[in-house]
Amino acid sequence: MDNFTFYSPTYFAFGKGTENEAGHYVKRFGGHKVLIHYGGGSAVRSGLIDRVKASLEKEGLSYVVLGGVKPNPRSGLVYEGIELCRKEGVDFILAVGGGSTIDSSKAIAVGTVYDGDFWDFYSGKAQAEKSLPVGSVLTIAAAGSEASGGSVITNENGMYKRAYGCELMLPVFAIMNPELTMSLPPYQTASGCTDIMAHVFERYFTNTKEVEITDRLCEGVLKTIIKELPKVLENPNDYEARANIMWAGTMAHNDICGAGREQDWASHNLEHELSALYDCAHGAGLAVMFPAWMTYVMHHDVNRFAQFAVRVWGCEMNYQNPEETAKEGIARTKAFFHSVGMPTSFEELGAKEEDIPKLLETLQIDGRTEGFFVKLGRKECEAVYRLACR
Ligand SMILES: NC(=O)c1ccc[n+]([C@@H]2O[C@H](COP(=O)([O-])OP(=O)(O)OC[C@H]3O[C@@H](n4cnc5c(N)ncnc54)[C@H](O)[C@@H]3O)[C@@H](O)[C@H]2O)c1
């Protein structure tokens, strides 16, 4: 196991009705003037935004609102949010929504208290030194942004996605009521669960040896999604299954599964170019990229892939030919994504093979590599994209 630090200061309020305590938690974590940031229709239609407003009013807190966050959140709304927060003297950002809304909130939080352009952080020009606090009311189990220090924003000037992360952007609290996720359409539910599995894959396929505790945590999260996702697709109102999925989403990305081990992240970065170019759901893009990446890198450590096949998918170990077991695990992963309605090829996603040069260009891969399990240069990234075509 590698040396590590683990810092996860987010306070969780989990369960039925917890969104009605939003005001209590904002106050507890020092907010006076709040920006309620949200996406579109469903949070308003369901009455969630009104319930959150009522809970702030009950605590005597004032607020302004900014809706309109799109999936794959855009830089334009972040600039608008920063201006609004400065004008209104906002001191706390409350995200009501999924990863897109929380990520947009984090960008506004660091941008409001920075003299320059917030994009400096996402382009690697500057490091944030302060931030407004961010809390969230989560409505989809997926990105894990409710307990991660990361944020991913699409720059509308060129439509490319970039991630930025720092401890300052770790949310101070996350309110998680699994009932709020019952209104998700099946495709979004499955896409979210794919993202959860992908967060685990990025950590599971590692060069670090002797990491049994985190291997087992990773396998537990994966097996939970494999068991619970079909249940909620069958019955969207299955509270217990929704609850298990929601907590799995947090465990997958608050880094408890990644402590003490090298992580990869090539597949995520390759996917970001897909969702930036085609505006597809991030999870759907990952269902396309991961089986391709696994196939491409499998020979680097066949035993790890065979372990994955046996422990996660229950495949029988072929001791004469572990490669067959490893391949079976990848095939089972791809078949599972298909069975829950995810695309597993460029064609099914609506992506085009002829766009690969464009994807490589926005990835800005020249002169550097992606990933750590196997380091991928331009040629290798292209090969993974090509494998994903079919
Ligand atoms: N910050 C991180 O650590 C991190 C990690 C992974 C991914 N991401 C990013 O997060 C974004 C994706 O976030 P996401 O997967 O959480 O989804 P999302 O926030 O983009 O939401 C997906 C869709 O579901 C809708 N929705 C959300 N909750 C709903 C509900 N309860 N009922 C009905 N509809 C609902 C949204 O309006 C949206 O249309 C991507 O941009 C991705 O790159 C961030």
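Residue positions are given per chain, counting from 1 as you read along its sequence in written order. Per-residue local features are limited, in this predicted model, to residues with pLDDT of at least 70; the limit for side-chain atom pairs, both in listing and counting, is 80 or more; totals at the level of whole chains, interfaces and linings are taken over all residues. With hydrogens and water set aside, each side-chain value is computed from the structure's full complement of heavy atoms.

In the nomenclature of an unreviewed UniProt entry, the protein corresponds to Iron-containing alcohol dehydrogenase from the organism Fusibacillus kribbianus.

Buried and open spaces are told apart on a 1 Å grid over the protein atoms alone, a cavity being a set of points where a 1.4 Å probe fits but cannot get out and a pocket being an open set with protein on both sides within 12 Å along at least five of seven lines. Residues with an atom within 4 Å of a point are the lining residues. Grid points are joined across faces, edges and corners, and a volume is the space filled by probe spheres set on the points. Taken as a whole, the second largest pocket spans an internal volume of roughly 280 Å³. Considering the residues around the second largest pocket, the lining is formed by 16 residues, among which Tyr122, Lys161, Arg162, Ala163 and Arg368 are closest to the centre. Mapped by element, the contributors of at least two residues to the lining of the second largest pocket are helix 6 (119-122), strand 7 (160-165) and helix 10 (266-278). For the lining of the second largest pocket, the element with the most residues is strand 7, which contributes four residues. Ten residue types, Ala, Val, Leu, Ile, Met, Phe, Trp, Tyr, Cys and Pro, are classed as nonpolar, four, Asp, Glu, Lys and Arg, as charged, and the remainder, Gly among them, as polar. Residue classes in the lining of the second largest pocket are distributed as five nonpolar, six polar and five charged. How far each domain reaches was decided by an automatic or database domain assignment. Counting only domains with at least three residues in the lining of the second largest pocket, you end up with domain 1 (11-180) and domain 2 (186-387). Going along the chain from the N terminus, every DSSP run of H or I of four or more residues is numbered as a helix, and every run of E of two or more is numbered as a strand.

Our focus in this paragraph is the domain arrangement of the protein. Taken domain by domain, the protein holds domain 1 (11-180) and domain 2 (186-387). The straight-line distance from the C-alpha centre of domain 1 to that of domain 2 is 27 Å. Every residue pair with non-hydrogen atoms within 4.5 Å of one another is taken to be in contact. Contact residues are listed per partner, giving 25 residues for domain 1 and 26 residues for domain 2. Here the quantity called buried area is the total loss of accessible area, with a 1.4 Å probe, experienced by two parts when brought into contact, counted for both. Summing the contributions of domain 1 and of domain 2, the shared interface buries around 2000 Å²; its carbon and sulfur component is 62%.

Right, let's talk about the UniProt feature "domain: Fe-containing alcohol dehydrogenase-like C-terminal" (unreviewed entry) in the protein for a bit. As recorded in UniProt, the feature "domain: Fe-containing alcohol dehydrogenase-like C-terminal" (unreviewed entry) lies at residues 189-386. As a span, residues 189-386 carries 68% helix and 0% strand, and end to end its C-alpha atoms are 27 Å apart. UniProt positions are given in the numbering used here, feature names are shortened, and annotations may be inferred rather than shown by experiment.

Before going further, it helps to spend a moment on the site of the ligand. In the neighbourhood of the ligand, 27 residues make up the surrounding shell, with Gly99, Ser100, Asp103, Ser148 and Ser183 lying closest. Pairs of N or O atoms are called polar contacts if they sit within 3.5 Å, as long as, within protein, a hydrogen donor faces a hydrogen acceptor (for residues adjacent in sequence, only side-chain-to-side-chain pairs). A distance of 3.5 Å separates a nitrogen atom of the ligand from a polar side-chain atom of serine 42. Contact distances for the ligand include 2.8 Å between a nitrogen atom and a side-chain N or O atom of serine 183. Under the convention used here, a 1.4 Å probe and the Shrake-Rupley method define accessible areas, while residue burial counts only the protein chains that appear. Here the ligand, which alone exposes 870 Å², has 86% of that area covered by the protein. When residues of the shell around the ligand are traced back to their parent elements, those giving at least two are helix 5 (99-112), strand 6 (150-155) and helix 7 (186-204). Here the shell around the ligand is built from residues that sort into eight nonpolar, 16 polar and three charged. Of the residues that make up the shell around the ligand, three or more belong to each of domain 1 (11-180) and domain 2 (186-387). We call a residue near a molecule or strand when any one of its heavy atoms sits within 4 Å of it.

Axis lines are fitted through C-alpha atoms, for helices just across the contact stretch, and the angle between N-to-C directions can take any value from 0 to 180 degrees. Where helix 7 meets helix 12 (residues 302-313), the axes come as close as 12 Å, and the angle between the chain directions of the two elements is 140°. Considering their axes alone, helix 7 and helix 12 lie oblique with respect to each other. Relative to helix 12, the crossing made by helix 7 is right-handed. Facing Met197, Phe201 and Tyr204 of helix 7, the residues of helix 12 in contact are Arg304, Gln307, Phe308 and Trp313. The residue makeup of the contact of helix 7 with helix 12, split by class, is five nonpolar, one polar and one charged. Angles are sorted into four bins: roughly parallel if under 35 degrees, roughly antiparallel if over 145, roughly perpendicular if 65 to 115, and oblique for all others. Helix crossings fall into two classes, left-handed where the near helix is turned counterclockwise from the far one by less than a right angle and right-handed where it is turned clockwise.

Note on exposure labels: buried denotes an accessible area under 20% of the residue type's maximum, exposed denotes more than 50%, and partly exposed covers the range between, all computed with a 1.4 Å probe on protein chains only. Of the two faces of strand 8 (residues 173-176), the one holding Phe173 and Ile175 and the one holding Ala174 and Met176 are both buried throughout. When DSSP finds two or more bridges between a pair of strands, those strands are recorded as paired. Across four bridges, strand 5 (residues 134-138) lies against strand 8 in parallel orientation. Directly across from valine 137, in strand 8, lies its bridge partner isoleucine 175.

This part takes up the packing of helix 10 against helix 15 (residues 356-363). At their nearest, the axes of helix 10 and helix 15 sit 9 Å apart, and the two run at 115° to each other. Relative to helix 15, helix 10 is oriented roughly perpendicular. The handedness of the crossing between helix 10 and helix 15 is right-handed. Packed against helix 10, whose contacting residues are Asn269, Leu270, Glu273, Leu274 and Leu277, the element helix 15 presents Lys358, Leu359, Thr362 and Leu363 at the interface. Of the residues contributing to the contact of helix 10 with helix 15, the split by class is five nonpolar, two polar and two charged.

Take the pattern of salt bridges next. Salt bridge, as used here, is a side-chain nitrogen of Lys or Arg placed within 4 Å of a carboxyl oxygen of Asp or Glu. The final tally for this structure, using the stated rule, is 23 salt bridges. Ionic pairing is found between arginine 203 and aspartate 255, a salt bridge with its closest N-O pair at 2.8 Å. Here aspartate 255 lies in the loop between helix 9 (239-253) and helix 10 and arginine 203 lies in helix 7, a separation of 52 residues in the sequence. Taking the relative accessible area as the measure of exposure, arginine 203 reaches 3% and is therefore buried. Using a relative accessible area of 25% as the deciding quantity, one classes aspartate 255 as partly exposed. Among the ionic pairs, arginine 216 bridges to glutamate 219, the shortest N-O distance being 3.5 Å.

Right, let's get into the packing of aromatic side chains. Each Phe, Tyr or Trp ring, with Trp reduced to its six-membered ring, pairs with another whose centre is within 6.5 Å; inter-plane angles below 30 degrees give stacked pairs, above 60 give edge-to-face pairs, and intermediate values give tilted ones. Tallied over the full model, the rule gives 30 aromatic pairs. A ring pair is formed by phenylalanine 205 and tryptophan 293, whose centres lie 6.0 Å apart and whose planes are at 65°; its orientation type is edge-to-face. Of this pair, phenylalanine 205 sits in the loop between helix 7 and helix 8 (212-234) while tryptophan 293 sits in helix 11 (residues 282-297); the two residues are 88 residues apart in sequence, bridging distant segments of the chain. There is no split in this pair, since phenylalanine 205 and tryptophan 293 are both buried. Aromatic side chains phenylalanine 346 and tyrosine 385 sit 6.2 Å apart centroid to centroid with 65° between the ring planes, which places their arrangement in the edge-to-face category. Separated by 39 residues along the polypeptide, phenylalanine 346 in helix 14 (residues 346-349) and tyrosine 385 in helix 16 (residues 378-388) bring together distant segments of the chain.

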